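# Reading the structure
Take a look at the letters that make up each chain.
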Amino acid sequence: MRRRVLDVAEDSFQARGYHASSLGDLMAAAGVTGGALHHHFPTKKALALAVIEERVAAAVQETWIDPVRAAPSALEGVRAVFEAVAAELERQGYVRGCPLNNLAHELSLADADFRLALADIFAGWRQAIADKVRDDQKIGGTDPDRFAALTIAAYSGAMSMAKTAQDAGVLRECLEGLARL
């Protein structure tokens, strides 16, 4: 039941946002009672923090951190991720944006706990890319932390633009700009 509630909340927060997702709607979609929901998540905030810490962090790990670490070089890892995400968005036919970015835009100023949980994910993501650059002799002279920050900023901005335009092509445009650096 806990997993079902997390699934529903994750999808709703991504599709409609945290503030537009009522607990009543989440309970109905998950097919649970208020008592059952509150047994696992005493508040809507607790549910959102669980989504951030368990689902969004896992998605960043799976989509970004693991592929970059496994790639032969930082640039090849970044390229592979941008291409894979663009291809998946084109396959599904719509762009809902990056779950981390969507929640960061909506919740970072709303609550310090949300801000810290989201910042931790960004920090881990940035560290993974920077570490790969440090290990990568092909990108000599590049400041690893700046490259990581620029990569994340380019991806985040590209996802926002792709969501607005409903066109994943902007991801490839930003990738080409990064590759030229």
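The following refers to the structure shown. In this text the structure is predicted, and so the values were computed from the model without any measurement.

Calculation rules
- Residues numbered from 1 in each chain as written.
- Predicted model: local features only at pLDDT ≥ 70, side-chain atom pairs only at ≥ 80, totals over all residues.
- Heavy atoms only, no water.
- Helix = DSSP H or I, 4+ residues; strand = E, 2+ residues; numbered from the N terminus.
- Expected span 1.5 Å × (residues − 1).
- Buried < 20%, exposed > 50% of the residue type's maximum accessible area, 1.4 Å probe, protein only.
- Contact = heavy atoms within 4.5 Å.
- Polar contact = N/O pair within 3.5 Å; in protein donor to acceptor, adjacent residues only side chain to side chain.
- Axes fitted to C-alpha atoms, helices over the stretch in contact; angles between N-to-C directions.
- Left-handed = near helix turned anticlockwise from the far one by under 90°.
- Nonpolar A, V, L, I, M, F, W, Y, C, P; charged D, E, K, R; others polar.
- 1 Å grid on protein atoms, 1.4 Å probe; cavity = no way out; pocket = protein on both sides within 12 Å on 5 of 7 lines; lining within 4 Å.
- Points joined across faces, edges and corners; volume = space filled by probe spheres on them.
- Parallel < 35°, antiparallel > 145°, perpendicular 65-115°, else oblique.
- Salt bridge = Lys/Arg side-chain N within 4 Å of Asp/Glu carboxyl O.
- Phe/Tyr/Trp six-rings, centres within 6.5 Å; stacked < 30°, edge-to-face > 60°.
- Lys NZ or Arg CZ within 6 Å of the ring centre and 35° of its normal.

## Some remarks on helix α8 (residues 144-165)
The end-to-end C-alpha separation of α8 is 31 Å, in line with the 32 Å expected for 22 residues at 1.5 Å each. Taken as a whole, α8 has its buried residues at Pro144, Phe147, Ala148, Thr151, Ile152, Ala154, Tyr155, Ser156, Ala158, Met159 and Ala162. Taken together, the buried residues of α8 touch α4 (44-70), α5 (74-92), α6 (99-107), α7 (112-135) and α9 (169-180). The backbone nitrogen of Asp145 has a side-chain oxygen 3.0 Å away, supplied by the residue at the start of α8, namely Asp143.

## Considering the packing of α6 against α7
Following both chains from N to C, one finds α6 and α7 inclined at 145 degrees, their axes separated by 10 Å at the closest point. Judged by the twist between their axes, the crossing of α6 over α7 is left-handed. On the side of α6, the interface is formed by Leu100, Asn101, Leu103, Ala104 and Leu107, while α7 contributes Phe114, Leu118, Ile121, Phe122 and Trp125. Tallied by class, residues from the contact of α6 with α7 come to nine nonpolar, one polar and no charged.

## As for the environment of Ala48
Note on placement: Ala48 falls in helix α4. Along the sequence, Ala48 and Trp125 sit 77 residues apart, while their C-alpha atoms lie 20 Å from each other. Excluding residues that lie within four positions of it along the chain, Ala48 makes contacts with Phe13, Tyr18 and Phe114.

## Section: the layout of surface pockets
In this model, the largest pocket occupies a volume close to 670 Å³. Taken together, the elements giving at least two residues each to the lining of the largest pocket come down to α1 (2-15), α4, α5, α6 and α8. When its residues are assigned to classes, the lining of the largest pocket shows 19 nonpolar, four polar and seven charged.

## Quick notes on α7
The first and last C-alpha atoms of α7 sit 34 Å apart over 24 residues, in line with the 34 Å expected at 1.5 Å per residue. For α7, the complete set of buried residues consists of Phe114, Ala117, Leu118, Ile121, Trp125, Ala128, Ile129, Ala130, Lys132 and Val133. In this fold, the buried residues of α7 make contact with α4, α5, α6 and α8.

## Focus on the packing of α4 against α6
Orientation of α4 relative to α6, taken along the N-to-C sense of each, is 135 degrees, at an axis distance of 9 Å. Between α4 and α6, the angle falls in the class oblique. Of the residues in α6, those touching α4 at Ile52, Val56 and Val60 are Pro99, Leu100, Leu103 and Leu107. Counted by class, the contact of α4 with α6 contains seven nonpolar, no polar and no charged residues.

## What about the pattern of salt bridges?
Under the definition given, this model contains 12 salt bridges. Among the ionic pairs, Arg2 bridges to Glu54, the shortest N-O distance being 2.7 Å. Within this pair, whereas Arg2 is found in helix α1, its partner Glu54 is found in helix α4, the two being separated by 52 residues in sequence. Given a relative accessible area of 37%, Glu54 falls into the partly exposed group. What emerges from the salt-bridge pattern is a single network uniting Asp7, Glu10 and Arg55.

## Some points on the packing of aromatic side chains
Here a ring pair, both rings aromatic, is described through the centre-centre distance and the interplanar angle of the planes. What the rule picks out here adds up to eight aromatic pairs. Over the ring of Tyr18 we find Lys44; its NZ or CZ atom is 4.3 Å from the centre of that ring.

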